[in-house]
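This is what each chain is made of:
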Amino acid sequence: MTEPLAQAPDTVVHTVLKADGLHKAYNGKPALKGVSLQVQAGEMLALLGPNGAGKSTLLQLLTGLFTPDQGSIEVLGQDMRQHPARALSGLGVVFQQSALDMDLSVMANLLFHTDLHGIPRKTARERIDTQLAAIGLQDQAKAVVRSLSGGTRRKVELVRALLHRPRVLLMDEATVGLDPASRQQLLDSVRGLCRDQGLAVLWATHLIEEVKTADRLLLLHQGTVRFDGHIDAFMAAAEGPDFQTEVLKALQKPGL
Ligand code: ADP
């Protein structure tokens, strides 16, 4: 029997990822200057910012790789500083760099991951089958990763990130190197996971067109949040019809 990742978002609406007042400096030079965010179950939040905005630094703090100079992070109510293992168990991460073994099959790669997490083989196979089917890869379990397209490999990484049943998924520029069709497919897959499994997603990108798929936009520039709200609200506040132009203008303004 398979279990759902989380309850449907219309039955449970709560904050699963919360960051408050995050500061981080490198050698005295601030990279993040008081960044706060919240992501709800079933919600997709796009984190958009140009190079140097602080996106990678923010994700490094959220994944516990570095500790903030100030501020706090909670995953499912678990404080990252006080209970890092509990907080991290609620997170799945897809990094920019692939971590798949190219010469193993999809199934072997995924079982390696579930073994590392101590998930029993029977449960692991059920979860793998369910997640592969959920993103249309049910026929690829035996395929060797090297034989797959870049877009399909990213989907396998997405499946892998979900096998320990996290409630929050962090995608760090996950579409880098993909063609537009594969990028859209990956976005659609993640969107489906939010809708069907109540997964909360933080989607970091520097590509403005990817933001339109999300529920909410967090615009980061020079270490500060320039806009945090629904895409529709951003559009309503925008002066012209061209989304891309408006975002670029916003990045140059002191505030919105
Ligand atoms: P983004 O991911 O949005 O491109 P980063 O978080 O990588 O932004 O960078 C934010 C700022 O912090 C930049 O000014 C960058 O030069 C600086 N920075 C990032 N990582 C380091 C580091 N390891 N050492 C020193 N400065 C860094």
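Described below are features of the structure shown in this document. Bear in mind the structure is a predicted one, so any value in this text is a computation, not a measurement. (Residues numbered from 1 in each chain as written. Predicted model: local features only at pLDDT ≥ 70, side-chain atom pairs only at ≥ 80, totals over all residues. Heavy atoms only, no water.)

1. Topic: the overall build of the chain
In step 1: Summing up its helical and strand segments, the chain has eight helices and ten strands in all.
In step 2: Here the chain holds 256 residues, and the buried ones make up 50% of them.
In step 3: For the chain, contacts bridging at least 24 residues in sequence account for 69% of all contacts bridging at least 6.
In step 4: Accessible surface, the chain: about 12000 Å² in total, of which carbon and sulfur atoms supply 51%. (Helix = DSSP H or I, 4+ residues; strand = E, 2+ residues; numbered from the N terminus. Buried < 20%, exposed > 50% of the residue type's maximum accessible area, 1.4 Å probe, protein only. Contact = heavy atoms within 4.5 Å. Areas by Shrake-Rupley, 256 points an atom, 1.4 Å probe, with all protein chains shown as cover.)

2. So, the site of the ligand
In step 1: The full set of residues close to the ligand is Tyr26, Lys29, Ala31, Pro50, Asn51, Gly52, Ala53, Gly54, Lys55, Ser56 and Thr57.
In step 2: The backbone of Ala53 places a nitrogen or oxygen atom 3.1 Å from an oxygen atom of the ligand.
In step 3: With respect to the ligand, the backbone of Gly54 contributes an N or O atom lying 3.0 Å from an oxygen atom.
In step 4: Burial of the ligand by the protein chains amounts to 59% of its free accessible area of 550 Å².
In step 5: Elements with a minimum of two residues in the shell around the ligand: strand 2 (29-40) and helix 1 (55-62).
In step 6: Take the shell around the ligand: its biggest share by element is three residues, from helix 1.
In step 7: Its residues assigned to classes, the shell around the ligand comprises four nonpolar, five polar and two charged. (Near = heavy atom within 4 Å. Polar contact = N/O pair within 3.5 Å; in protein donor to acceptor, adjacent residues only side chain to side chain. Nonpolar A, V, L, I, M, F, W, Y, C, P; charged D, E, K, R; others polar.)

3. Topic: the environment of Gly64
In step 1: When you line up the elements, Gly64 lands in the loop between helix 1 and strand 4 (70-75).
In step 2: Discounting residues that sit within four places of it in the chain, Gly64 has contacts with Met80 and Leu88.

4. Structural notes on the packing of helix 5 (residues 150-162) against helix 6 (residues 180-197)
In step 1: Close contact between helix 5 and helix 6 brings their axes to 9 Å; oriented N to C, the two are set at 20°. Here helix 5 lies roughly parallel to helix 6, going by the angle between them. Note that helix 5 runs across helix 6; the crossing there is right-handed. Here helix 5 contributes Gly151, Arg154, Lys155, Leu158 and Leu162 to the contact with helix 6, which in turn contributes Ser182, Gln185, Leu186, Ser189, Val190 and Leu193. (Axes fitted to C-alpha atoms, helices over the stretch in contact; angles between N-to-C directions. Parallel < 35°, antiparallel > 145°, perpendicular 65-115°, else oblique. Left-handed = near helix turned anticlockwise from the far one by under 90°.)

5. As for the side chain of Thr114
In step 1: Its location among the elements puts Thr114 in helix 3 (residues 106-116).
In step 2: Not counting the four nearest positions on each side in its chain, Thr114 is found in contact with Ile119, Ala124 and Leu163.

6. Considerations on the pattern of salt bridges
In step 1: In the structure shown here, the tally under the stated rule is 14 salt bridges.
In step 2: With a shortest N-O distance of 2.7 Å, Arg121 and Asp115 are connected by a salt bridge.
In step 3: For Arg121, a relative accessible area of 42% translates into the label partly exposed.
In step 4: Residues joined by salt bridges that share partners form a network here, namely Glu43, Arg216 and Asp228. (Salt bridge = Lys/Arg side-chain N within 4 Å of Asp/Glu carboxyl O.)

7. So, the environment of Ile135
In step 1: Counting through the fold element by element, Ile135 comes out in the loop between helix 4 (121-134) and helix 5.
In step 2: Taking the relative accessible area as the measure of exposure, Ile135 reaches 10% and is therefore buried.
In step 3: Taking the C-alpha atoms as reference, Ile135 lies 9.1 Å from Asp188; in sequence the two are 53 residues apart.
In step 4: Residues within four places of Ile135 in sequence aside, it is in contact with Lys155, Val159 and Ser189.

8. Digging into the side chain of Arg154
In step 1: Along the polypeptide, Arg154 turns up in helix 5.
In step 2: Overall, the relative accessible area of 8% leaves Arg154 in the buried class.
In step 3: Each residue touching Arg154, except ones within four places of it in the same chain, is listed here: Val94, Phe95, Gln96, Gln97, Ser98, Ala174, Leu178 and Leu186.

9. Brief notes about the pairing of strand 9 (residues 216-221)
In step 1: When you tally the buried positions in strand 9, you get six out of six residues, the bulk of the element.
In step 2: Burial along strand 9 is two-sided: the face carrying Arg216, Leu218 and Leu220 and the face carrying Leu217, Leu219 and His221 are both buried.
In step 3: Note that strand 3 (residues 44-48) and strand 9 share four bridges and pair parallel. Within strand 9, the position partnered with Ala46 by the bridge is Leu217.
In step 4: Sheet topology note: the strand 9/strand 10 (residues 224-230) ladder contains six bridges and is antiparallel. From the neighbouring strand, Leu220 faces strand 10, where its bridge partner is Val225.
In step 5: Hairpin geometry of strand 9 and strand 10 is characterised by an intervening segment of two residues between the two adjacent antiparallel strands and by a positive phi of about 50° at Gln222. (Pairing = 2+ DSSP bridges.)

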